[in-house]
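In case you want the letters, here they are:
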Amino acid sequence: MTYQIGGKNLNSRFFIGSGKLPSYTVIPEMVKKAGVEVITVAVRRIDPDAKHENVMEFIPGNCIIMVNTSGARSADEAIRIARIGRELTGSDWIKIEVETDAKYLLPDNEETLKAAEILVGEGFHVFPYINPDLVVAKKLEKAGVAAVMPLAAPIGTNKGITGAALLQPIINEISVPVIIDAGIGRPSHAAQAMELGADAVLANTAIATAADPVMMAVAMARAVEA
């Protein structure tokens, strides 16, 4: 069953990140076998002059690119990266990541909200990555974001749904889509996120560090479908 998000009609509710992959050459097969339609790409990883692998060359044309502002330490930096990302990719889907905490890479909700308000005003479809906080989620919804992306656990930990009691109110109380992001380490975690009522799931580290990234992506996608 299709659903609408960010002005697009999608079939798959499983999104993937492109960071940490052993090689970008696995992306086409991953997309084909897992049915992926949305891929996040960090602007700092886009190099049009790369002599070996430029991530943009491996993303199928039918995929939606969600530009990622990872590395931003403030709202101003996130806004600048988002604008550069749109120029480089032609995509107006922006995942706002503002992480003032360099150790645990936890999102700064206050700076994220500032960036979201400005980027929505500039016509971007904004997908803010946040600590699960219902009050912030409601403010982002009011600002006009396309969805909110609360973390399940800190980035890269693969711990799964560690804060269901904080995620559930967001899922229950806001009308924009909720995409569970960060910390999804197993297909069972992805299924649990959907059981909570999330609209979609995004995973990266668990896929990139798997012995077989393509098969892990397929397993995640099937868990989301289930």
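Just above, that's the structure.
Residues numbered from 1 in each chain as written. Predicted model: local features only at pLDDT ≥ 70, side-chain atom pairs only at ≥ 80, totals over all residues. Heavy atoms only, no water.

**Things to note about the overall build of the protein chain**
Phase 1: Across its full length, the protein chain carries 8 helices and 10 strands.
Phase 2: In terms of overall size, the protein chain behaves like a compact globule, its C-alpha atoms giving a radius of gyration of 16 Å where 226 residues would be expected to give roughly 17 Å.
Phase 3: Judged by the C-alpha coordinates and their principal axes, the protein chain covers about 40 × 40 × 35 Å.
Phase 4: Sorting the 226 residues of the protein chain into buried and exposed places 56% on the buried side.
Phase 5: When contacts within the protein chain are restricted to residue pairs at least 6 apart in sequence, long-range pairs at least 24 apart make up 64% of them.
Phase 6: Of the accessible surface of the protein chain, which amounts to about 9,900 Å², a share of 49% is contributed by carbon and sulfur atoms.
Phase 7: Counting 21 positive and 26 negative side-chain charges, the protein chain places the centres of these two groups 3 Å from one another. (Helix = DSSP H or I, 4+ residues; strand = E, 2+ residues; numbered from the N terminus. Rg over C-alpha atoms; globule rule 2.2 N^0.38 Å. Buried < 20%, exposed > 50% of the residue type's maximum accessible area, 1.4 Å probe, protein only. Contact = heavy atoms within 4.5 Å. Areas by Shrake-Rupley, 256 points an atom, 1.4 Å probe, with all protein chains shown as cover. Lys, Arg positive; Asp, Glu negative; His and termini not counted. Charge placed at Lys NZ, Arg CZ, Asp CG, Glu CD.)

**Some details on the nonpolar core**
Phase 1: Among the nonpolar cores identified, the biggest contains 68 residues, and F14, I27, I39, I96, I180 and I184 are the most heavily contacted of them.
Phase 2: Residue contributions to this core peak at 7 residues, all from helix α8 (residues 213-225).
Phase 3: If sequence neighbours within four positions are ignored, I96 has contacts with T69, A78, T112, A115, A116, L119, V126, F127, P128 and Y129.
Phase 4: One finds W93, A147, M149 and L202 within the second-largest nonpolar core, a separate group that totals 15 residues. (Core = buried A, V, L, I, M, F, W, Y, C linked by side-chain atoms within 4.5 Å.)

**Overview of the environment of V224**
Phase 1: Residue placement: V224 occurs in helix α8.
Phase 2: Note on V224: relative accessible area 9%, which makes it buried.
Phase 3: Taking C-alpha positions, V224 is 25 Å from S70, a pair spaced 154 residues apart along the chain.

**Considering the sheet that holds strand β3 (residues 14-17)**
Phase 1: Reading across the sheet, the 8 strands line up as β8-β7-β6-β5-β4-β3-β10-β9 and stay open at both edges, with parallel pairing between neighbours. The open sheet has two edge strands, β8 (149-150) and β9 (179-181), and neither has a second partner.
Phase 2: Relative to strand β10 (residues 200-203), β9 runs parallel, the two being bridged by 3 bridges. Pairing of I179 across the sheet is with A200, part of β10.
Phase 3: Contacts between helix α3 (residues 109-121) and the sheet are confined to β6 (93-96) and β7 (125-130), with β7 contributing the most and set at about 180 degrees to the helix. (Pairing = 2+ DSSP bridges. Axes fitted to C-alpha atoms, helices over the stretch in contact; angles between N-to-C directions.)

**A short note on the pairing of strand β4 (residues 38-42)**
Phase 1: Counted residue by residue, β4 has 5 buried out of 5 residues, so it is predominantly covered.
Phase 2: Burial along β4 is two-sided: V38, T40 and A42 and I39 and V41, pointing in opposite directions, are all buried.
Phase 3: Of the strand pairs in this sheet, β3 and β4 are connected by 2 bridges, and their pairing is parallel. Bridged to I16 within β4 is I39.
Phase 4: Once you follow β3 into helix α1 (residues 27-34) and on to β4, the crossover reads as right-handed.
Phase 5: Two strands pair when backbone bridges link them, and β4 and strand β5 (residues 64-68) are joined in this way by 5 bridges, in the parallel orientation. In the sheet register, A42 faces β5, and the bridge partner there is N68. (Right-handed = clockwise from strand over helix to strand, strands pointing away.)

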